[in-house]
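# Coordinate analysis (summary)
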Amino acid sequence: MTTQTAVGSRYRLFLERFPVRRFVLVLLALVIAYGGAAGSIATLRAGRFTGEVWANLFISGVARGSVYAIIALGYTLVYGILFIINFAHGEVFMAGAYTAYFVAVGLASNGMLESHPIVSIAILFVISSLVSMGVAILLERIAYRPLRGAPRLVPLITAIGASLFLQYTFRGFYGANARAYPTIPAIQGTWNIGKLNIDFLNIHLNGYPFQKVHVISILGAVALWLILFWIVERTRVGREMRAVGEDREIAALMGVDVNRTIVFTFGIGGALAGAAGILYVFLFNQVIFTMGFFPGLKAFTAAVLGGIGSITGAALGGLILGILETVGPNLFLDGAGVPSPNQLIPIVAFGILVLVLIFLPGGFLGAPDDKNRA
């Protein structure tokens, strides 16, 4: 072998062993990190936003993220037990909130929203959750159950078809126009949280004015997450859900009613989506037949970010996504001279989805394989 041939062989061997993919990913990560850091520093140096504005953006992000987290729980429950992505879950979310709109109009017309706000809100939650639960159970029974055992692409395509079917069915039922939700006076305005006056100790704290809808959304989401966590971790049906998610055949041999467990899973995911729909209209005050599309995709992004199949991961992913959506565009882009950075919120949300799939396929709390469980 000549010297030239040996050098050529070593060069080809180097090219074959060189980790091109890892090198490109590291380079991409460095470029993104540099861009984010440079934009953030420029924004903070410009001083256009006060500390109060940043605090408001953060709290708004936590409230928005709380809604994403509750919707994301539906994705993660279904994936944890059937290993399918239920892309129709956004329409399950829409169905409950949109149907409850007509109940809210009825309550507003007879003055109940103003005179009995707690009872009225409870009625809206129940109606929305029941409708979404019913739609989710019908989806499982009609669209997904016949496809058990089919290749994964089949239920995925079915989910997309079911999503479009539900959108245009509800457009036929309720119309194509957006509708403003009736205002509930009791949840408008702010609560001054942290206000404290102790005269004899000369302690006087003014507190911070939190918007009531933000507080309600955050506390409501925390309560729903705790209830779901208790059901899955502490109850018999929760153990059955985890058993079916581990191995359906062995769970059936152990006496678990697999069909009933799967129906329960869809039902509870639908109920959570319906409750999230009411929290969503508290924040955005509008319903339309397409209202489930973007929140559904963002909740899916949240589930992937946290680790799809993980209940805690879905909640964590929702919070992170919500905060990045409200704080991120202003922090990263305003200092770079990008006009109207808030119009680029979808880029932040779906950019995160792409980056997570590239760098962290299993999410923060998941695993990069199919062994995730709820």
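Residues numbered from 1 in each chain as written. Predicted model: local features only at pLDDT ≥ 70, side-chain atom pairs only at ≥ 80, totals over all residues. Heavy atoms only, no water.

Scanning the chain from N- to C-terminus turns up 14 helices and six strands. Its C-alpha atoms give the chain principal-axis dimensions of roughly 95 × 60 × 50 Å. A burial count over the chain gives 43% of its 374 residues as buried. A fraction of 76% describes how many contacts in the chain between residues 6 or more apart in sequence connect residues 24 or more apart. Working note: accessible area of the chain is about 19,100 Å², and carbon and sulfur atoms make up 67% of it. Averaging the locations of the 25 positively and 16 negatively charged side chains of the chain gives two centres separated by 5 Å. (Helix = DSSP H or I, 4+ residues; strand = E, 2+ residues; numbered from the N terminus. Buried < 20%, exposed > 50% of the residue type's maximum accessible area, 1.4 Å probe, protein only. Contact = heavy atoms within 4.5 Å. Areas by Shrake-Rupley, 256 points an atom, 1.4 Å probe, with all protein chains shown as cover. Lys, Arg positive; Asp, Glu negative; His and termini not counted. Charge placed at Lys NZ, Arg CZ, Asp CG, Glu CD.)

Their axes nearest at 8 Å, the elements helix α4 (residues 89–109) and helix α11 (residues 258–284) cross at an angle of 55°. Taken together, the axis directions place α4 and α11 in an arrangement best described as oblique. The hand of the α4/α11 crossing is right-handed. Residues His89, Val92, Phe93, Ala97 and Ala100 of α4 form the contact with α11, whose participating residues are Gly269, Gly270, Ala273, Ala276, Gly277, Ile278, Tyr280 and Val281. Here the contact of α4 with α11 is composed, by residue class, of nine nonpolar, four polar and no charged. (Axes fitted to C-alpha atoms, helices over the stretch in contact; angles between N-to-C directions. Parallel < 35°, antiparallel > 145°, perpendicular 65-115°, else oblique. Left-handed = near helix turned anticlockwise from the far one by under 90°. Nonpolar A, V, L, I, M, F, W, Y, C, P; charged D, E, K, R; others polar.)

A cluster of nonpolar side chains, contributed by Leu28, Ile32, Leu316, Phe359, Leu360, Phe364 and Leu365, occupies part of the molecular surface with about 550 Å² of accessible area. One can find Leu365 in the segment after α14 (345–359). (Patch = residues over 30% accessible without salt bridge, like charges linked within 9 Å, V, L, I, M, F, W, Y side chains within 5 Å. Salt bridge = Lys/Arg side-chain N within 4 Å of Asp/Glu carboxyl O.)

So, about the environment of Leu297. The topology assignment puts Leu297 in helix α12 (residues 293–306). In this structure, the C-alpha to C-alpha distance between Leu297 and Ala63, residues 234 residues apart in sequence, is 17 Å. Aside from chain neighbours lying at most four places away, what touches Leu297 is Tyr75, Phe87 and Phe350.

Another aspect to go through is the packing of aromatic side chains. Two measures describe an aromatic ring pair: the distance that separates the ring centres and the angle between the ring planes. Summed over all chains, the structure comprises 19 aromatic pairs. Judged by centre distance (5.7 Å) and plane angle (35°), the ring pair of Tyr144 and Phe266 falls under tilted. Highlighted residues: Tyr144 in helix α6 (residues 117–144) and Phe266 in helix α11, separated in sequence by 122 residues. Assigned by exposure class, Tyr144 and Phe266 land together as buried. An aromatic cluster of at least three residues, connected via ring pairs, comprises Tyr98, Tyr101, Phe102, Phe170, Phe173, Tyr174 and Tyr181. (Phe/Tyr/Trp six-rings, centres within 6.5 Å; stacked < 30°, edge-to-face > 60°.)

Next up on the list: helix α9 (residues 236–246). Buried within α9 we find Gly238, Glu240, Met241, Val244 and Gly245. One side of α9 holds all its buried residues, which, seen down the axis, span an arc of 160°. Among the exposed residues of α9, those oriented more than 90 degrees off its buried face are Arg236 and Glu246. Where α9 is buried, its residues meet α3 (51–82), α8 (212–234), α10 (248–253) and α11. (Arc of directions from axis to C-beta.)

All chains considered together, the criterion is met by seven salt bridges. Ionic pairing is found between Glu240 and Arg236, a salt bridge with its closest N-O pair at 3.4 Å. Note that Glu240 and Arg236 are positioned in helix α9 at a spacing of four residues, about one turn of the helix. Taking the relative accessible area as the measure of exposure, Glu240 reaches 7% and is therefore buried. Each of the salt bridges in this network shares a partner with another, and the network as a whole consists of Arg64, Lys298 and Glu325.

A separate point is α12. Between the first and last C-alpha of α12 there are 20 Å, a value that for 14 residues agrees with the 20 Å anticipated at 1.5 Å per step. For α12, the buried fraction is high: 11 of the 14 residues fall into the buried class. Where α12 is concerned, the buried positions are Pro295, Gly296, Lys298, Ala299, Phe300, Thr301, Ala302, Ala303, Val304, Leu305 and Gly306. Gly307 sits one or two residues past α12 and shows a positive phi near 115°. (Expected span 1.5 Å × (residues − 1).)

Locating Ser128 in the fold gives a position in helix α6. You can call Ser128 buried: its relative accessible area is 0%. Polar contacts involving the side chain of Ser128 include one to the main-chain amide nitrogen of Ala97, which spans 3.3 Å. Once residues lying within four places of it in the same chain are set aside, the contact partners of Ser128 are Gly96, Ala97, Ala100, Gly274, Ala275 and Ile278. (Polar contact = N/O pair within 3.5 Å; in protein donor to acceptor, adjacent residues only side chain to side chain.)

Nonpolar side chains tend to gather and get buried jointly when the protein is soluble and globular. Leu139, Tyr144, Tyr181, Leu228, Val281, Phe282 and Met291 are the most contacted members of the largest nonpolar core, which totals 82 residues. Residues within four places of Phe282 in sequence aside, it is in contact with Ile121, Phe125, Ile184, Ile187, Val213 and Ile216. (Core = buried A, V, L, I, M, F, W, Y, C linked by side-chain atoms within 4.5 Å.)

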